[in-house]
Amino acid sequence: SVCFLGVWGGEFSVLRSPQSVAFRDGSWPIPGKRIPDVAALTMGFSVDEDLPWPGLGVGDLFHRPRATVLVTVKGVDKLPVKGFSYPIENAVPFSLDSVANAIHTLFSEETPVVLQLAPSEERVYMVGKANSVFEDLSVTLRQLRNRLFQDNSILSSLPLNSLSRNNEVDLLFLSELQVLHDIASLLSRHKHLAKDHSPDLYSLELSGLDEIGKRYGEDSQQFKDASQILVDSLQKFADEMFNLYGGNAVVEVVAVKEFNSPLSRKTRSILQSSQPEKENPYNLAYPYNYDYSVIFNIILWMMIGLALAVIVISYNLWNMDPGYDSIIYRMTNQKIRMD
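Reading guide: rules and limits
Residues numbered from 1 in each chain as written. Predicted model: local features only at pLDDT ≥ 70, side-chain atom pairs only at ≥ 80, totals over all residues. Heavy atoms only, no water. Helix = DSSP H or I, 4+ residues; strand = E, 2+ residues; numbered from the N terminus. Buried < 20%, exposed > 50% of the residue type's maximum accessible area, 1.4 Å probe, protein only. Areas by Shrake-Rupley, 256 points an atom, 1.4 Å probe, with all protein chains shown as cover. 1 Å grid on protein atoms, 1.4 Å probe; cavity = no way out; pocket = protein on both sides within 12 Å on 5 of 7 lines; lining within 4 Å. Points joined across faces, edges and corners; volume = space filled by probe spheres on them. Nonpolar A, V, L, I, M, F, W, Y, C, P; charged D, E, K, R; others polar. Axes fitted to C-alpha atoms, helices over the stretch in contact; angles between N-to-C directions. Parallel < 35°, antiparallel > 145°, perpendicular 65-115°, else oblique. Contact = heavy atoms within 4.5 Å. Phe/Tyr/Trp six-rings, centres within 6.5 Å; stacked < 30°, edge-to-face > 60°. Lys NZ or Arg CZ within 6 Å of the ring centre and 35° of its normal. Patch = residues over 30% accessible without salt bridge, like charges linked within 9 Å, V, L, I, M, F, W, Y side chains within 5 Å. Salt bridge = Lys/Arg side-chain N within 4 Å of Asp/Glu carboxyl O. Pairing = 2+ DSSP bridges. Lys, Arg positive; Asp, Glu negative; His and termini not counted. Charge placed at Lys NZ, Arg CZ, Asp CG, Glu CD.

This brings us to the overall build of the protein. Tallying secondary structure elements over the protein gives nine helices and nine strands in all. Residues classed as buried in the protein amount to 43% of the 339 residues present. Only carbon and sulfur atoms are counted for the fraction: they give 55% of the accessible area of the protein, which is about 20,400 Å².

What follows deals with empty space enclosed by the protein. Each pocket or cavity is described by its volume, and for the largest cavity that value is around 30 Å³. Lining the largest cavity we find G32, I35, I88, A91, V92, F94, V254, V256 and F259. Within the lining of the largest cavity, the residues separate by chemical class into eight nonpolar, one polar and no charged.

Further remarks concern the packing of helix α3 (residues 141-148) against helix α4 (residues 168-189). Relative orientation of the contacting elements α3 and α4 amounts to 80 degrees, with a least axis distance of 9 Å. Between α3 and α4, the angle falls in the class roughly perpendicular. Counted together, L141, L144, R145, R147 and L148 of α3 and E168, L171, L172, L174, S175, Q178, V179 and D182 of α4 form the full contact between these two elements. Looking at side-chain class alone, the contact of α3 with α4 contains seven nonpolar, two polar and four charged residues.

Moving on: the packing of aromatic side chains. Counted by the stated rule, this structure contains six aromatic pairs. Their ring planes at 85 degrees and their centres at 6.4 Å tell us that F94 and F259 sit as a pair that is edge-to-face. In this pair, F94 sits in the loop between β5 (84-89) and α2 (97-106) while F259 sits in the loop between β9 (249-256) and α8 (292-318), placing the two residues 165 residues apart along the sequence. Three or more aromatic residues joined by ring pairs form one cluster here, namely F12, W53 and Y86. Across the ring face of Y216, the terminal group of R215 is positioned such that the distance to the ring centre comes to 5.0 Å.

We now examine a nonpolar patch on the surface. Residues Y292, F296, L300, W301, I304, L308 and I311 make up a contiguous nonpolar surface patch of about 720 Å² in total accessible area. Following the sequence through the fold, F296 ends up in helix α8. Residue class for F296 comes out partly exposed when judged on its relative accessible area of 42%.

Another point: the environment of G10. Mapped onto the elements of the fold, G10 is located in strand β2 (residues 8-16). Remark: the alpha-carbon pair of G10 and D77, spanning 67 residues in sequence, is separated by 4.3 Å.

Before going further, it helps to spend a moment on helix α1 (residues 35-42). Across the eight residues that make up α1, a large majority, seven, are buried. Where α1 is concerned, the buried positions are I35, P36, D37, V38, A39, A40 and T42.

By the criterion of burial, β9 is predominantly enclosed, with eight of the eight residues buried. Burial of β9 is two-sided: the residues A249, V251, V253 and A255 facing one way and the residues V250, E252, V254 and V256 facing the other way are all buried. By the bridge criterion, seven bridges tie strand β4 (residues 67-74) to β9 in an arrangement that is parallel. Looking at β9, one finds that V71 is bridged to V253.

Turning our eyes to something else, we now look at the environment of F173. Its place among the elements puts F173 in helix α4. Judged by its relative accessible area of 1%, F173 falls in the buried class. Sequence-wise, F173 and I212 are 39 residues apart; in three dimensions their C-alpha atoms are separated by 7.6 Å. With near-sequence residues (within four places) excluded, F173 lies in contact with L163, G208, L209, I212, A226, I229 and L230.

To continue, consider unusual backbone geometry. Phi is positive for N90, close to 60 degrees, though the residue is something other than glycine. Its location among the elements puts N90 in the loop between β5 and α2. If you check the backbone angles, E122 has positive phi at about 55 degrees while not being a glycine. With respect to the helices and strands, the residue E122 is situated in the loop between β6 (114-118) and β7 (123-127).

Right, let's get into the packing of α4 against helix α7 (residues 221-244). Interhelical geometry of α4 versus α7 gives an angle of 10 degrees and a closest axis separation of 10 Å. In this view, α4 runs roughly parallel relative to α7, as classed from their interaxial angle. For the pair formed by α4 and α7, the contact residues are F173, L177, L180, I183, A184, L187 and S188 on the first element and A226, I229, L230, S233, L234, F237, E240, M241 and L244 on the second. Looking at the contact of α4 with α7 residue by residue, the class counts come to 13 nonpolar, two polar and one charged.

This brings us to the side chain of E11. Checked against the element boundaries, E11 lands in strand β2. Put simply, E11 is tucked away with no salt bridge, and the nearest opposite charge, on K78, sits 4.2 Å away. Aside from chain neighbours lying at most four places away, what touches E11 is D77, K78, L79, S85, Y86, I88, V253, V254 and A255.

In this section: a negative patch on the surface. Together, D48, E49, D50 and D291 make up a region of like negative charge exposed at the surface. Take E49: it is sitting in the loop between α1 and β4. Among the residues examined, E49 registers a relative accessible area of 45% and is labelled partly exposed.

Following this line, the structure appears as structure tokens:
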């Protein structure tokens, strides 16, 4: 199943979404670090912290999208795409690892598609049984370049305008668009993946436009042509993915000039001591868990119900009239009373 999310910088856009997901039209800013939570909530997963953001309504709780597609475009603050758009507050790097882990944990026995790809960085993450379909996807720079010069590449149909086939920066940008085309093409040949009950996740990071801006300048004709080609390709990609999932997919785009800080992932050294550290030297209370009120109410009313049941049953047993004993009990007497 598919589904795509202080200091202002960047824009979060929803290109396509089903009726079961309620995005509202407005200019409410979305914190950059909460974009993964938007993706999780639209797919029906819980998040650790409530998201008080008016842009996302409750929607239909019983019909969740079968896929989320989130494309991150670096090098530009906004793109003129169709759909709902919201400004990003404090555009920090984010990762959809938490959503990918939730899908892999809950649907490990089925065939979910979990694909996270950054072509220019040769970074790819695939997990699950269904990802054998995407093994032929170009992920290294050499593979991307070779794919562009094959007969069925986008070069044969894409209007390059001021872009050149002989420039490495231009080819990097075009190869990312080729990846978008190939993902939709592979999925169209394996439509059973889009029709199963397990949700799918596609997270793509495109930085080719950023490299063109650095190479030619943001006022250049190359940058303007590349921006228009990218918008058209994203719109086409969104429509293709939306249709492949039968209109039950969320396609989102994050456009950001540059992130405010580099993405850092928490790691643990294999040489790190396994001695338990004293994490709470001041005897402070544990952080509040947002599931506490739910668990408390379940236990409280269950105990009250059980206590009332014991009292009622005990009262009725104590005040039972022996005259209402069953015929089985009376048949055990030595002399049967004749009524």
